[in-house]
Amino acid sequence: MPTTAFTKDGEEFQETSFRLSPERFEELNKILSLYIGTKNYHNFTIRKESHDPSAKRHIIKFVSDLPFVPDNTEVEFVRLRINGQSFMMHQIRKMVALVIAIMRGYKEPGFIEQAVQKDRFLIPQAPGLGLVLDNVHYTRYNERYGSDGVHQALVFEEEDEEIEKFFRDNIMSTIIETELRDTPMMDWIGRLRNHCYDY
C-alpha cells in the first residue's frame, strides 16, 4: 500500500515526494506488534460471537518491510507481512484498517486491546487490493512426518528466490499499477474519518 495511508489526518503532503519518516515507521511496527499472540478476533470477521472459541486466532508475527519506491514511479509503498496459524474472512483487512485508523489519529492504540475483548465494535475494512497469500507453512506436518524416513518435509526454501521474483514481476507490479491508476486505498481513507465504531 502507499505509505501516504499512514499520514496524520490533515497532514499536508505531495504524494510523489512523501516519505515515511523513521519515527513513523517505528510507530507503525509498534502498532502492528499489538496483534501478536492469541486473541479473540470476533470483531474482525462476520457472524462470530465473542464466546465462540473459533474466533480466537494466533498471530505469530506482524511487521512492515522497509518502505520502497517502485521502478517507474515516485510514490513510496510499503509491504506489511503477517504470519498466523489461520485467518477468518476479512480478518486481515480489518486488522490493517484499524492500524491505519490509529496511525491517522482516529483511534488510540489501546483500542486494539478493546476490540479483542467481549464488547462489540464495528471495525472498518480496508480495500482488498494487495492482500496476497504469500506462503503456507506446514510446521506440524513437517515435525510429525518430515523426518520419519517415509515422507518428505513440505518446505519451499529452494524456490524462495524464484517465488519472490515472480511475486515482484507479476503480482506486486499489478497491485502498484492498479493502486496508482484507481486509488482504492486513498479513496477509502477519504471515508475512514467518518466511520462509526459503535455496534
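This text goes with the structure placed above it.
These numbers come from a predicted model, not from an experiment.

J.: Is there a simple way to explain the nonpolar core in this structure?
T.: General note: in soluble globular proteins, nonpolar side chains tend to be found buried as a group. In terms of nonpolar packing, the biggest core is built from 38 residues, with Y35, F44, L98 and I100 touching the most fellow members. For this core, the element with the most residues is helix α2 (residues 91-103), which contributes 10 residues. What Y35 contacts, discounting residues up to four positions off in sequence, is Y41, F44, I59, F62, M95, L98, V99 and I112. Of all hydrophobic cores here, the second largest spans five residues; its members include V75, F167, M172 and I176.

J.: What's the story with α2 in this structure? I'm lost.
T.: An α-helical segment advances 3.6 residues per turn. Residues three or four places apart therefore align on the same side. For α2, which comprises 13 residues, the first-to-last C-alpha distance of 19 Å matches the rise-based estimate of 18 Å (1.5 Å per residue) to within 8%. The element α2 is extensively covered by neighbouring structure, given that 12 of its 13 residues are classed as buried. Tucked into the core, α2 has its buried residues touching α1 (22-32), β2 (56-64), β3 (80-84), α3 (111-115) and α6 (184-192). Trailing α2 by a residue or two, G105 shows a phi angle of about 95 degrees, which is positive.

J.: Can you walk me through the side chain of T178 in this structure?
T.: Relative to the helices and strands, T178 resides in helix α5 (residues 160-182). Those residues in contact with T178 that lie beyond four places of it in its chain are L129, T183 and P184.

J.: When you look at the sheet that holds β3 in this model, what are you seeing that I'm missing?
T.: For sheets, the rule is that strands pair by backbone hydrogen bonds, running either parallel or antiparallel. Ordered in space as β1-β2-β3, the three strands form an open sheet in which the pairing is antiparallel. Here the strands that pair on one side only, and so sit at the sheet edges, are β1 (37-40) and β3. Averaged over neighbouring strand pairs, the angle between their axes works out to 45 degrees when direction is ignored. Sheet topology places β2 next to β3; five bridges connect them, and they run antiparallel. Looking at the pairing, I59 lines up with G84 of β3. Running over the sheet, α2 touches β2 and β3 and is turned about 50 degrees from β2.

Calculation notes
Residues numbered from 1 in each chain as written. Predicted model: local features only at pLDDT ≥ 70, side-chain atom pairs only at ≥ 80, totals over all residues. Heavy atoms only, no water. Core = buried A, V, L, I, M, F, W, Y, C linked by side-chain atoms within 4.5 Å. Buried < 20%, exposed > 50% of the residue type's maximum accessible area, 1.4 Å probe, protein only. Helix = DSSP H or I, 4+ residues; strand = E, 2+ residues; numbered from the N terminus. Contact = heavy atoms within 4.5 Å. Expected span 1.5 Å × (residues − 1). Pairing = 2+ DSSP bridges. Axes fitted to C-alpha atoms, helices over the stretch in contact; angles between N-to-C directions.

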